[in-house]
Amino acid sequence: MLLGVIADDFTGASDVANAISRGLNGGNGLATSIFIGVPDIEAADSVDAGVVALKSRSIPPDDAIGQSLRALDWLQSQGAEQIVFKYCSTFDSTAQGNIGPVAEALAERLGARGVVACPAFPENGRTVYQGHLFVHDKLLSESGLENHPLTPMTDPDIRRWLRAQTRSSVGHVPLPIVRTGEATVAHAIAECSAAGDVLVITDAVDEVDLATIGTAVANSPLVTGGSAIAAALARNFPHARRRGRPVDHAVAVDGLGALLAGSCSIATRRQIEVYASQHPVVEIDVVAVMEGRLGAPGLFALLDEHRGKSPLAYSSNTPEAVRDIQVEYGIDEVSIRLDELFGSVAVLLREAGYSRIVVAGGETSGAVVDALAPRDLAVGLEIDPGVPALFSTHHTGRYALALKSGNFGAPEFFEKALAALAGDSVPSEDT
C-alpha cells in the first residue's frame, strides 16, 4: 500500500476512493479498496490505496481521535507512505466538532507540522478563496448548509473554524501564491510550519491549483481535505501498480432495486422530487417513528408493495420541519432512531433479495453500511462526480451500493445510480 486514507464517514470514503482510483483529470489513478472500519485483515498486494471508512464525523472528538489513530496504525502497518485525513468538501463540522482535533492528533502522531487542509472540490462547485469556502457562487454560510440538521455551517472562514477546534495557530497559503507554482507553495507551507502552524489552509479554485498543491506536498506525511486533493496525490506514486478499478460489467448486479434517503439537503430533496415523478416513493412519518408506530418491518412492507419497481423511502424534509421535530424529540434521539430504521430496513431488503441499494445522506449511508457489514467494497465507475458504484463480493449473494453525500448528484441521480449498479450506462427499467 502506498497511500492510506482515513475517511470520517462512508459517503466520504466512497467519494475519496472514487477520486483516487480515477485520478485528477481522469488520469494517474491508483488501485483502490474501501475497508469498513479499522480492518483486522491484511490488505491485498494489489491495493495501492486503502481507504478506511469510519463513522466518526458527528461523534465526540476524543472518540473520533481514538478511531482515527487506530486507522492510522493499521494503514502504516500495511506500508502506507502518505496519509490523507478525508472530510467533507463542505467541511460539515461545528465549532466544537472533531475535524481539527483529529487532524491535530494525526499530525502529532506523525510528527508533522504545516499540514495542508484543503476541502476544495471544484468539479462539484466547492472552492476555497482567501481561506473561505464557497459552494458554487455562494459562501458556505449562504449555500443552504447553514441549515444542516447536525452540522450547520454558519461561517465560511475555514481558518476560523479550525482555530476554534484546535490548540495551535492555523496558517494560510493564498491563491496568488498557489498560482506561482509548487516550489513556491512548498516554501510557503514550510514557512507556516516554522511559525508553528500545525494546519495550513490552501486556496484552490480549479484542478490546476489542486495539481500544484498535490505536487508541493508529495513528501508530506499527512494531508487533510476533500477527495479532490487526495486525487491530486495519486500522481506522486509513479511506481504504483495501477491495476485500476474493476470492470463494472464483470461485477454488476442486475437485481431488485430500492432507495433510502435520509438527507435533507436541497440537492437530495430535488432528486426525490424528480424520482417521484415516475417511480413509487414512501414518505417516512418521522413522528410515527419517534412514537413507535412505524418500525423497520412496517417500512419494509410499504416498500415491498412496489417490488420490482425500485421504490424509494425518504425522511428528507424542509429545514423548518426538521427543526420542529428535533425540538420536540431531541436532535440526537431523532438521528439515532432514523439511523436504526434505515439500517434495519436495509438488512430486510437484502434478506428479501434486493441487491441494488442506493442511499442518500452521510449518516444514513453509515447506518446502512454498519447494518449490512460488508468487509470491504470494490470501487466501480463513477455515477456522478464524487459517487462511484460499489460492489460487495465477499458475502453470500452479491449486492451493490451507491452511497451519496446529501449535496452530491444531478437531479436524475437516483435513476442513474440504479442503472450503474446493474452495469448499464443509461437508465433502464427494472426487469
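Cut-offs used in this document
Residues numbered from 1 in each chain as written. Predicted model: local features only at pLDDT ≥ 70, side-chain atom pairs only at ≥ 80, totals over all residues. Heavy atoms only, no water. Helix = DSSP H or I, 4+ residues; strand = E, 2+ residues; numbered from the N terminus. Rg over C-alpha atoms; globule rule 2.2 N^0.38 Å. Buried < 20%, exposed > 50% of the residue type's maximum accessible area, 1.4 Å probe, protein only. Contact = heavy atoms within 4.5 Å. Areas by Shrake-Rupley, 256 points an atom, 1.4 Å probe, with all protein chains shown as cover. Lys, Arg positive; Asp, Glu negative; His and termini not counted. Charge placed at Lys NZ, Arg CZ, Asp CG, Glu CD. Axes fitted to C-alpha atoms, helices over the stretch in contact; angles between N-to-C directions. Parallel < 35°, antiparallel > 145°, perpendicular 65-115°, else oblique. Salt bridge = Lys/Arg side-chain N within 4 Å of Asp/Glu carboxyl O. Phe/Tyr/Trp six-rings, centres within 6.5 Å; stacked < 30°, edge-to-face > 60°. Pairing = 2+ DSSP bridges. Core = buried A, V, L, I, M, F, W, Y, C linked by side-chain atoms within 4.5 Å.

## Overview of the overall build of the chain
Okay, so step 1: When helices and strands are counted, the chain shows 16 helices and 18 strands.
Okay, so step 2: Relative to its length of 431 residues, the chain is compact, with a C-alpha radius of gyration of 20 Å against a globular reference of 22 Å.
Okay, so step 3: For the chain, the proportion of its 431 residues judged to be buried stands at 60%.
Okay, so step 4: The contacts of the chain with a sequence gap of at least 6 include a subset with a gap of at least 24, amounting to 75%.
Okay, so step 5: Here the chain displays about 16000 Å² of accessible surface, and carbon together with sulfur accounts for 50% of that area.
Okay, so step 6: Each charge class in the chain was averaged separately, 32 positive and 53 negative side chains, and the resulting centres sit 3 Å apart.

## Points about the packing of helix α10 (residues 266–276) against helix α16 (residues 413–421)
Okay, so step 1: At a closest axis distance of 8 Å, the pairing of α10 and α16 adopts a crossing angle of 75 degrees. Of the possible angle classes, the one that applies to α10 and α16 is roughly perpendicular. In contact with Q271, I272 and Y275 of α10, α16 contributes F413, F414, E415 and L418.

## A few points about the pattern of salt bridges
Okay, so step 1: Considering all chains together, one arrives at 18 salt bridges under this definition.
Okay, so step 2: D15 is paired through a salt bridge with K86; the nearest N and O atoms lie 3.5 Å apart. Of this pair, D15 sits in helix α1 (residues 10–22) while K86 sits in strand β4 (residues 82–86); the two residues are 71 residues apart in sequence, bridging distant segments of the chain. Across the pair, K86 and D15 agree in class, each one buried.
Okay, so step 3: Notably, a salt bridge pairs E108 with R167, separated by 3.7 Å at the nearest N-O pair. Taken together, the positions of E108 in helix α3 (residues 99–110) and R167 in the loop between α4 (158–165) and β9 (170–173) put the pair 59 residues apart, joining distant regions of the chain.
Okay, so step 4: By relative accessible area, which is 58% here, E108 ends up exposed.
Okay, so step 5: For R167, a relative accessible area of 68% corresponds to the exposed category.

## Some words on the environment of G292
Okay, so step 1: Inspection of the secondary structure assignment puts G292 in the loop between α11 (286–290) and α12 (296–304).
Okay, so step 2: Since its relative accessible area comes to 58%, G292 is described here as exposed.
Okay, so step 3: Sequence-wise, G292 and D339 are 47 residues apart; in three dimensions their C-alpha atoms are separated by 14 Å.

## Re the packing of aromatic side chains
Okay, so step 1: Scanning the entire structure with this criterion turns up 5 aromatic pairs.
Okay, so step 2: Between F121 and F408, the ring centres sit 5.8 Å apart and the planes meet at 75 degrees, which makes this aromatic pair edge-to-face. Remark: F408 occurs in the loop between β18 (399–404) and α16 and F121 occurs in the loop between β5 (115–118) and β6 (126–129); sequence separation between them is 287 residues.
Okay, so step 3: A relative accessible area of 3% places F408 in the buried class.

## As for the pairing of β9
Okay, so step 1: Of the two faces of β9, the one carrying V170 and H172 and the one carrying G171 and V173 are both buried.
Okay, so step 2: Two strands pair when backbone bridges link them, and β9 and strand β10 (residues 199–202) are joined in this way by 4 bridges, in the parallel orientation. Within β10, the position partnered with G171 by the bridge is V200.

## Regarding unusual backbone geometry
Okay, so step 1: Notably, H136 is not glycine yet its phi reads approximately 55 degrees, a positive angle.
Okay, so step 2: Position of H136 relative to the elements: it lies in the loop between β7 (132–135) and β8 (138–139).
Okay, so step 3: Positioned with a positive phi, S310 is a non-glycine residue whose angle comes to about 50 degrees.
Okay, so step 4: As for its placement among the helices and strands, S310 is situated in the loop between α12 and β14 (312–314).

## Re the sheet that holds β6
Okay, so step 1: With antiparallel pairing, 3 strands are arranged side by side in an open sheet as β6-β7-β8. Only two strands of the sheet have a single neighbouring strand rather than two, namely β6 and β8.
Okay, so step 2: As judged from the 4 bridges shared by β6 and β7, these two strands associate in the antiparallel manner. Paired with T127 across the bridge in β7 is F134.

## So, the nonpolar core
Okay, so step 1: Counting 143 residues, the largest nonpolar core has I34, L260 and F414 as the members making the most contacts within it.
Okay, so step 2: Beyond its immediate stretch of four places on either side in the chain, L260 contacts L303, L312, A313, F342, V345, A346, L349, I357, V358, V359, A360 and V368.

## Focus: the pairing of strand β11 (residues 222–225)
Okay, so step 1: Burial along β11 is two-sided: the residues L222 and T224 and V223 and G225 are all buried.
Okay, so step 2: Both β4 and β11 contribute to a ladder of 4 bridges, which runs parallel. Across the sheet, the residue bridging to F85 is T224, located in β11.
Okay, so step 3: Pairing geometry for β5 and β11, over 2 bridges, is parallel. Paired with A117 across the bridge in β11 is T224.

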